Amino acid sequence: MSLLELRTVDKIFGGLHAVRGVSFQVEKGAIFGLIGPNGAGKTTLFNVITGVYTPEHGQILFDGQNIAGLKPALIAERGVARTFQNIRIFRTMTVAENVMVAGHHLHKASIASAMLRTRAYDRDEQALAKRARELLEVLGLAELADEVAGSLPYGSQRRLEIARGLMLSPQLLLLDEPAAGMNSQEARTLNEQIRFLRDQLGLTVILVEHNMAVVMNVCETIHVVDHGETIAQGTPAEIKVHPKVLAAYLGEEEPGTEASP
Amino acid sequence: MTQFLQQIINGLSLGSIYALIALGYTMVYGILKLINFAHGEVFMVGAYTGFYAAGALGVASFEAQNQGFPWYLALLVLIIAMAAAALLGVTIEFLAYRPVRSAPRLTPLITAIGVSLFLQNAGMLLFSPNPQRYPAILSEVRFELFGVIVTNIKLTIFAVALCLMLGLHLFVQKTWTGRAMRALSFNIDAAKLMGIDTNQVIRSTFAIGSGLAAAGGILFGLDQITINPLMGVLTGLKAFVAAVLGGIGSIPGAVVGGLLIGLAEQLTAGYLSPEYRDAITFVILILILLLKPEGLLGIVRVEKV
Amino acid sequence: MRAAVRLAIAAAALLAIYGLQLGVEAGFTEYVQRIILLAGINVILAVGLNLINGTTGQFSIGHAGFMAVGAYGTAFVGVQLAGPVHAALGSGAFSDALIFNLALLAGALFAGIFGLIVGMPSLRLRGDYLAVVTLGFGEIIRILFNNATFLGSATGYSGDDPSGLPAYTNFFWVFAWVAAIVILIHNLTFSQTGRSLTAIREDEIAAEAMATPTTRLKVTAFAISAATAGIAGGLFAHMQAGVRPEDFRFERSIDMVVMIIVGGLGSISGAILGGIFVAVSLELMRDLQQYRLVLYALLLIVIMIVRPQGLLGARELHHLLRRKKPAKATAPSESA
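None of the values given here were measured: they were computed from a predicted structure.

What should I look at first to understand the overall build of chain B in this one?
Of the regular secondary structure elements, chain B holds 12 helices and four strands. Taking 305 residues into account, the globule formula puts the C-alpha radius of gyration at 19 Å, and chain B, at 19 Å, falls close to it. Taken along the three principal axes of its C-alpha coordinates, chain B extends 65 × 45 × 40 Å. Within chain B, the proportion of its 305 residues that are buried is 52%. Excluding contacts between residues fewer than 6 apart, the proportion of contacts in chain B whose partners are at least 24 apart in sequence is 79%.

Quick look at the structure:
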């Protein structure tokens, strides 16, 4: 059984049919790419999967259960973490605090115990802080733990978003344009980090991305959408030469023509 | 039945006044996404300007001689009040709102509340906190229609309100500024990029909205006989609820909302109890925000994530 | 063991407050004492409101309603309890203390419940709409009290005694409650819950994506903030002969907003400073009685334009002493 399965999902905003009958399956442990020209509906798909929007039709099966229309917090609890296209970190909080926010499942102490600072509360708080530092280590952010998140350089902010998502102990990680604004050196590092997330942490990763150097190198399966509809799915090699994909991107960069790192 | 019709007439005339004020709220919110808390005070200033202008034009002597105030002078009073209010509105925008236009939403909200409080209390200092009797800019003539008492004042309210609303409608549909106002309410950034002078359009919006509120103020004075510096607080709030009820940002919505609130208030006072005439507005506010926050004629906006 | 230490500290603190009370009552005129009490009550109001407006970033401008609920609730319960408690324990400081604090807790409970009732539907709304709804609810609550005959309607409620409500409120109780509330709210703000509330303020959508139960937390924060306003109301009520709806008009809600704005939205120390500032400045402006509110309003406008973050922004006094360092420029990191 695949970890995530979309069955003919539709999302309509008033007059705009943003997602039309999209279906795909993502196997456990896959690194799955979702690409398409601007406005194709990729981020909308992410928003539908994570519960920000409710689809008009279709099912979204996560680990066999339909999560379509559930609230985002509930879906996150079930093990779906995401990052955002526009980086939505908590700018005035420190790096460590950003990660700790996502640790609800580690922090069972009640509000009353927080107000009274009971021993149970202190224990939970320490466990939370410890786990947060571990994740920051993994993403190479440990030194910045007490810095204000908003003052971090762009690339570090992106990594912080990932660390924060990892705090949920997710099975599935959705990355929305993680390579935006990166140069080729940083993009190479990102590829390694994505592989690390899958190989060492056992995550399944879905990637929305425009940077073809990243997509073609790190994704195993690529699903292409245009104007809300699926136009192709296959391995990077297949997608590179797929006529429909080339046609959709005509006028923009053609997939596969960037020099591989 | 006649009592019911009476309440309807009264409710619609009150509602017309609310509608005139609500238009100002809705237009400003549509463009700036700002609740202009001070708008109720502009209404109040309009009423007082009419009061003083009529006095200056000798309304007292006409009253003493039991003659009607000449219609052309009444019209002059209206124009003066509307112009004064327009000037006030534009000044408020320039001094208090423009500096905080790009600040997080909280800041302009508090600024608006501050301006409102300032004008209320300044009004009490300048105009005397005691209620004043409104001059007979229009002398009352009553007549009966199907057992219902209608005064020329009520008819004037309908007429003036209707004219002004029609005028606004034509303005918004046919003139360049009106079209620009609509463009800004859809997407202010795009409008700026299209080369529209947004500051100019915003100024016009405030000016027009304030002028309409002033007209409402004079009509209110004629209808309710007394005015006081705090009259803008409750009436302004009711007009705001009217704008929300109709769909904030929607001009027809403000009209519909105003009439409905006027009717609801009058019917509540007549059939339930006068104690609750003010409360009904708050109840409507809460109901509409909980059940249909975009209002009766408003559109649901989806936030881009 | 830990509990024992804490109890010892609490006892010492209460003794200190009692000592201060003796000093204040000896050293200051009644007029100044009243201002000090009002400042304390303001601090409670401000710290409580700051939890929902500042830390959680929601905008409530009708909190006077909750203060009213607490005031009436405390007064009413106090009057009901007086008989049985005096019968069982006689009169005197101890039974008064018992009655008062039980009544305050009751007032806080009622206010908290109202907070839930108002909060649950309202907190689905964003920004301006939430502000207006809370304003509406605040007014409705006041109108309800204005028409509640068993509570005296517009003339107000002053209990059974012709001389009015018992004057339970004094320096000790006000500042004991100030200390308790400041500590509890401080602990809450700097906890995982507080972090979650701040996250909701910063970016509610991202907070939700990180499994934060946003609605539940917002409503809870709202209820807690309403309950603290209730305590303030109860303390206020027993400084007066009676509780009147007049005392809880929209202007009172605005006072509270001014307190936290001046101090800095989101800062507990700021709220404390703001609460004191409002109490003192309103008194200082009493001579300029007519101009008082005009100046107040001008102050509000000027602050918004010139320094909207207030005195401390969202930082605490003790944070200013150890500044947070700006991030050092780092090279693209080596992958883990």
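What exactly am I supposed to notice about the overall build of chain C here?
Helices and strands together make up the secondary structure of chain C, namely 13 helices and zero strands. For chain C, the N- to C-terminal ordering of α and β elements is α-α-α-α-α-α-α-α-α-α-α-α-α. A globule of 336 residues ought to have a C-alpha radius of gyration of about 20 Å, and chain C, at 21 Å, matches this closely. Expressed as lengths along the three principal axes of its C-alpha atoms, the size of chain C is roughly 75 × 50 × 40 Å. Out of the 336 residues belonging to chain C, those deemed buried represent 51%. Of the contacts formed within chain C by residues at least 6 apart in sequence, a portion of 82% connects residues at least 24 apart.

Please explain the interface of chain A and chain C as it appears in this structure.
Accessible area lost during the coming together of the parts is what is often quoted as the interface size. Taken together, the contacts link 45 residues of chain A with 36 residues of chain C. Going through the elements one at a time, α2 (72-78), α3 (95-101), α4 (111-116), α5 (119-138), α6 (154-166) and α7 (184-199) of chain A are the ones with two or more residues in the side of chain A that touches chain C. Ranked by residue count, the leading element in the side of chain A that touches chain C is α7 of chain A, at six residues. Grouping the amino acids of the side of chain A that touches chain C by side-chain chemistry returns 22 nonpolar, 11 polar and 12 charged.

Just to check I follow, could you spell out helix α10 (residues 231-246) of chain B for this structure?
An α-helical turn contains 3.6 residues, so any two residues separated by three or four positions project in the same direction. Residue and element names in this part refer to chain B. The end-to-end C-alpha separation of α10 is 23 Å, in line with the 22 Å expected for 16 residues at 1.5 Å each. Counted residue by residue, α10 has 14 buried out of 16 residues, so it is predominantly covered. Following α10 by one or two positions, G247 has its phi on the positive side, about 115°.

Help me understand the sheet that holds strand β8 (residues 204-208) of chain A, please; the structure alone is not making it clear to me.
For sheets, the rule is that strands pair by backbone hydrogen bonds, running either parallel or antiparallel. All names here are of chain A. Taken in spatial order, the six strands line up as β6-β7-β8-β3-β9-β10 in an open sheet, and their pairing is mixed. Two strands lie at the open edges of the sheet, namely β6 (80-82) and β10 (229-234), each paired on one side alone. The mean inter-strand angle of the sheet, taken between neighbouring strand axes irrespective of direction, is 20°. Examined bridge by bridge, strand β9 (residues 221-226) and β10 share five bridges and lie antiparallel to one another. For H223, the partnering residue across the bridge sits in β10 and is Q233. With respect to the sheet, α7 is in contact with β3 (31-35), β7 (172-176) and β8, its orientation differing from that of β8 by roughly 150°.

Teacher, can you tell me more about the confidence of the model for chain C here?
Residues shown with low pLDDT carry predicted positions that ought not to be read at fine detail. All names here are of chain C. Summarising the model, chain C shows a mean pLDDT of 87, and 95% of its residues fall at 70 or more. Within chain C, the lowest mean pLDDT, 72, falls on helix α13 (residues 317-321), and the highest, 96, falls on helix α9 (residues 214-237). pLDDT under 50 marks residues 325-336. Its contacts with residues more than four places away, or in other chains, come to 23 contacts. The ipTM, which scores confidence in the relative placement of chains, is 0.89 for this predicted complex, and the corresponding pTM is 0.88.

For this particular structure, what's the right way to read the sheet that holds strand β5 (residues 65-66) of chain A?
Residue and element names in this part refer to chain A. Reading across the sheet, the four strands line up as β2-β1-β4-β5 and stay open at both edges, with antiparallel pairing between neighbours. Each edge of the open sheet carries a strand with a single partner, namely β2 (16-26) and β5. With five bridges connecting them, strand β1 (residues 4-13) and strand β4 (residues 57-62) associate as antiparallel partners. For D10, the partnering residue across the bridge sits in β4 and is H57. Here helix α1 (residues 42-49) sits on the sheet in contact with β1, β2 and β4, set at roughly 70° to β2.

Please explain the interface of chain B and chain C as it appears in this structure.
Counting residues at the interface gives 28 residues for chain B and 29 residues for chain C. Contributing elements (two or more residues each) for the side of chain B that touches chain C: α5 (106-127) and α12 (279-291) of chain B. Ranked by the residues each element gives to the side of chain B that touches chain C, the list is headed by α5 of chain B, at 13 residues. Residue composition of the side of chain B that touches chain C, grouped by class: 22 nonpolar, four polar and two charged.

Help me understand the packing of helix α4 (residues 71-97) of chain B against α5 of chain B, please; the structure alone is not making it clear to me.
For any two helices packed against each other, one specifies the inter-axial angle together with the distance between the axes. Residues and elements named next belong to chain B. Relative orientation of the contacting elements α4 and α5 amounts to 130°, with a least axis distance of 11 Å. Our classification of the angle between α4 and α5 gives oblique. Between α4 and α5 lies a crossing of right-handed hand. The residues of α5 that touch α4, namely those facing I92, A96 and Y97, are P108, T111 and V115. The class makeup of the residues in the contact of α4 with α5 is five nonpolar, one polar and no charged.

I would appreciate a short explanation of the packing of helix α2 (residues 30-55) of chain C against helix α10 (residues 250-263) of chain C in the present structure.
Residues and elements named next belong to chain C. Following both chains from N to C, one finds α2 and α10 inclined at 75°, their axes separated by 9 Å at the closest point. Accordingly, the angle class assigned to the pair α2 and α10 is roughly perpendicular. In this structure, α2 contributes N42, L45, A46, L49, N50, N53 and G54 to the contact, and α10 contributes M256, M259, I260 and G263. Looking at the contact of α2 with α10 residue by residue, the classes come out as six nonpolar, five polar and no charged.

Explain the pairing of β2 of chain A to me, please; I cannot follow it from the model alone.
Within a regular strand, the side chains alternate between the two sheet faces. Residues and elements named next belong to chain A. One ladder, built from seven bridges, connects β1 with β2; its direction is antiparallel. What sits directly across from V9, in β2, is V22. Hairpin connection between β1 and β2: a loop of two residues separates the two successive antiparallel strands, and G14 in this loop has a positive phi of roughly 55°.

I tried to follow the environment of E41 of chain B on my own but got confused; where do I start?
All names here are of chain B. Structurally, E41 can be placed in helix α2 (residues 39-56). On the basis of neighbour count, E41 is assigned to the buried category, with 29 C-beta atoms found within 10 Å. When the C-alpha atoms of E41 and M231 are compared, they prove to be 7.9 Å apart, with 190 residues separating the residues in sequence. Setting aside its immediate chain neighbours within four residues, E41 contacts S116, L119, Q120, G123 and G232.

Where do I start with the pairing of β3 of chain A in this structure?
Residue and element names in this part refer to chain A. In terms of burial, β3 is largely enclosed, as five of its five residues are buried. Burial along β3 is two-sided: I31, G33 and I35 and F32 and L34, pointing in opposite directions, are all buried. Here four bridges tie β3 to β8, and the two strands are oriented parallel to one another. When the bridges of β8 are listed, L34 appears paired with V208. In terms of strand pairing, β3 meets β9 through four bridges, oriented parallel. When the sheet's bridge partners are listed, I35 is paired in β9 with V224.

Where do I start with the environment of L164 of chain B in this structure?
By the secondary structure assignment, L164 of chain B is in helix α6 (residues 152-174). Sequence spacing of L164 of chain B and G258 of chain B is 94 residues, and the spatial spacing of their C-alpha atoms is 14 Å.

Help me understand helix α7 (residues 192-202) of chain C in this model?
The buried fraction of α7 of chain C amounts to 11 of the 11 residues, a majority that puts the element mostly inside the structure. Residues of α7 of chain C that are buried include every one of Q192, T193, G194, R195, S196, L197, T198, A199, I200, R201 and E202 of chain C, and no others.

Honestly, the environment of R20 of chain A in this entry has me stumped. Any pointers?
All names here are of chain A. By the element assignment, R20 lies in strand β2. Taking C-alpha positions, R20 is 5.2 Å from G228, a pair spaced 208 residues apart along the chain. Those residues in contact with R20, other than ones at most four positions away along the chain, are D10, G228 and E229.

Hey, could you run me through unusual backbone geometry in this one?
Trans is the prevailing form of peptide bonds, just as negative phi is the prevailing case for residues other than glycine. Although it is not a glycine, T8 of chain A adopts a positive phi angle of roughly 40°. Mapped onto the fold, T8 of chain A is located in strand β1. The backbone of I225 of chain B sits at a positive phi, close to 70°, despite the residue not being glycine. Structurally, the position occupied by I225 of chain B is in the loop between α9 (198-224) and β4 (226-227).

Rules and cut-offs
Residues numbered from 1 in each chain as written. Chains lettered and ligands numbered in written order. Predicted model: local features only at pLDDT ≥ 70, side-chain atom pairs only at ≥ 80, totals over all residues. Helix = DSSP H or I, 4+ residues; strand = E, 2+ residues; numbered from the N terminus. Rg over C-alpha atoms; globule rule 2.2 N^0.38 Å. Buried ≥ 20, exposed ≤ 12 C-beta atoms within 10 Å, placed from the backbone. Contact = placed C-beta atoms within 7 Å. Nonpolar A, V, L, I, M, F, W, Y, C, P; charged D, E, K, R; others polar. Expected span 1.5 Å × (residues − 1). Pairing = 2+ DSSP bridges. Axes fitted to C-alpha atoms, helices over the stretch in contact; angles between N-to-C directions. pLDDT = per-residue confidence, 0-100. Parallel < 35°, antiparallel > 145°, perpendicular 65-115°, else oblique. Left-handed = near helix turned anticlockwise from the far one by under 90°.

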